[in-house]
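Below, each chain spelled out in residue letters.
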Amino acid sequence: VQKIEIQVLSVEVTLSLNSAGSARIVLGGCYDYKNGAFDKAVRDLAVLGKEVEVSLGYVSCFQKVFKGFLASIDMTLDADEGIAVEFTALDVRWLMMTDNFRCREYAVKNYSDAVQDIMKRYKKLCSVKIDATRENFEDGSISQRGSDYDFIVKDLIQSGRADREFFVVADKAYFRKPRSVS
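What comes next concerns the included structure. (Residues numbered from 1 in each chain as written. Predicted model: local features only at pLDDT ≥ 70, side-chain atom pairs only at ≥ 80, totals over all residues. Heavy atoms only, no water.)

**A few points about the pattern of salt bridges**
- Counted according to the given criterion, the structure contains 14 salt bridges.
- Here Lys-64 ties to Asp-171 by a salt bridge, and the two come within 2.9 Å at their closest N and O atoms. Of this pair, Lys-64 sits in strand S6 (residues 61-78) while Asp-171 sits in the loop between strand S11 (165-169) and strand S12 (172-176), placing them 107 residues apart in sequence.
- Classification of Lys-64 by relative accessible area gives partly exposed; the value is 26%.
- Lys-129 serves as the salt-bridge partner of Asp-131, at 3.5 Å between the closest nitrogen and oxygen.
- Given the relative accessible area of 17%, Asp-131 is considered buried.
- A single salt-bridge network, built from bridges that share partners, covers Glu-51, Glu-53, Lys-64, Lys-67 and Asp-171. (Salt bridge = Lys/Arg side-chain N within 4 Å of Asp/Glu carboxyl O. Helix = DSSP H or I, 4+ residues; strand = E, 2+ residues; numbered from the N terminus. Buried < 20%, exposed > 50% of the residue type's maximum accessible area, 1.4 Å probe, protein only.)

Structure, rendered in C-alpha cells:
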C-alpha cells in the first residue's frame, strides 16, 4: 500500500492469545468512476490467499504486528466516501484451527518434535521458536485426533502432557516454557 497512491481509510488489527488474529484494512480512492474499474494496483492486491503483513508506527520506526493471508474482500458504497474496498486477513492459527486432517501419526521422539513437524506446514506464514521437551516415547510416535491447533493447545498443553505455552506474535509462533519471558 505504501508504493501506490491509495487512501488508507482504516486499519484494525486484532491480536489474541486464545483465537486467530485478524487484520482489517479499508482502502478508498481506488475506483476510477470514469473508466468504471478498480485501480490495477488494488486488483493485484485482491488475491485470496495472498500473504498480508501489517506494520504500524511512524515514518522512521515501523513494527510488524501481523502476518497472515487474505481471507476475504468486500466492497462498500458510502455517499460521502464513495467506493471502498475492505480486506480481511487471518493469521496462521485460523488455518491451524480449520485444517482438514483429523488423524495423523507422528514418528517422533517427543512433543516438541511433533510441534516442529506440524509447524513445517505453515512456514510461509510464520517461523517458529520451540523449547524442546524432554520425554521420549517408547514406540517413537504420537497420534493426533483433531486440528493442529487443538492438538497443540488441548491435547498437549491443557492436558498437562507438555508444560508449554503456544501463541503467535506477528510472524513467529512460540511453543515455549510458560512465563519464560516477563
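**So, the sheet that holds strand S5 (residues 51-58)**
- Reading across from one edge, S1-S2-S7-S6-S5 is the order of the five strands in this open sheet, with antiparallel pairing throughout. Looking at the sheet topology across the chains shown, the edges are occupied by strand S1 (7-14) and S5. Sheet twist, expressed as the average angle between the axes of neighbouring strands with direction ignored, equals 35°.
- Sheet analysis places strand S2 (residues 22-28) next to strand S7 (residues 82-90), joined by seven bridges and oriented antiparallel. Each residue of the ladder has a partner; that of Ile-25, found in S7, is Phe-87. (Pairing = 2+ DSSP bridges. Axes fitted to C-alpha atoms, helices over the stretch in contact; angles between N-to-C directions.)

**Here we look at the sheet that holds S11**
- Strands sit in the order S9-S12-S11 across an open sheet of three strands; the sheet is mixed. Of all the strands in the sheet, the pair left with one neighbour each is strand S9 (127-130) and S11. Averaged over neighbouring strand pairs, the angle between their axes works out to 15° when direction is ignored.
- Here S9 pairs with S12 via four bridges, running parallel. By the bridge assignment, Val-128 is partnered in S12 with Ala-173.

**Digging into the packing of helix H3 (residues 111-120) against helix H4 (residues 148-158)**
- With their axes 10 Å apart at the nearest point, H3 and H4 run at an angle of 160° to one another. The angle between the axes of H3 and H4 places the two elements in the roughly antiparallel class. Where H3 crosses over H4, the handedness of that crossing is left-handed. Residues Tyr-111, Ala-114, Val-115, Ile-118 and Met-119 of H3 form the contact with H4, whose own contacting residues are Asp-148, Phe-151, Ile-152 and Leu-156. (Parallel < 35°, antiparallel > 145°, perpendicular 65-115°, else oblique. Left-handed = near helix turned anticlockwise from the far one by under 90°. Contact = heavy atoms within 4.5 Å.)

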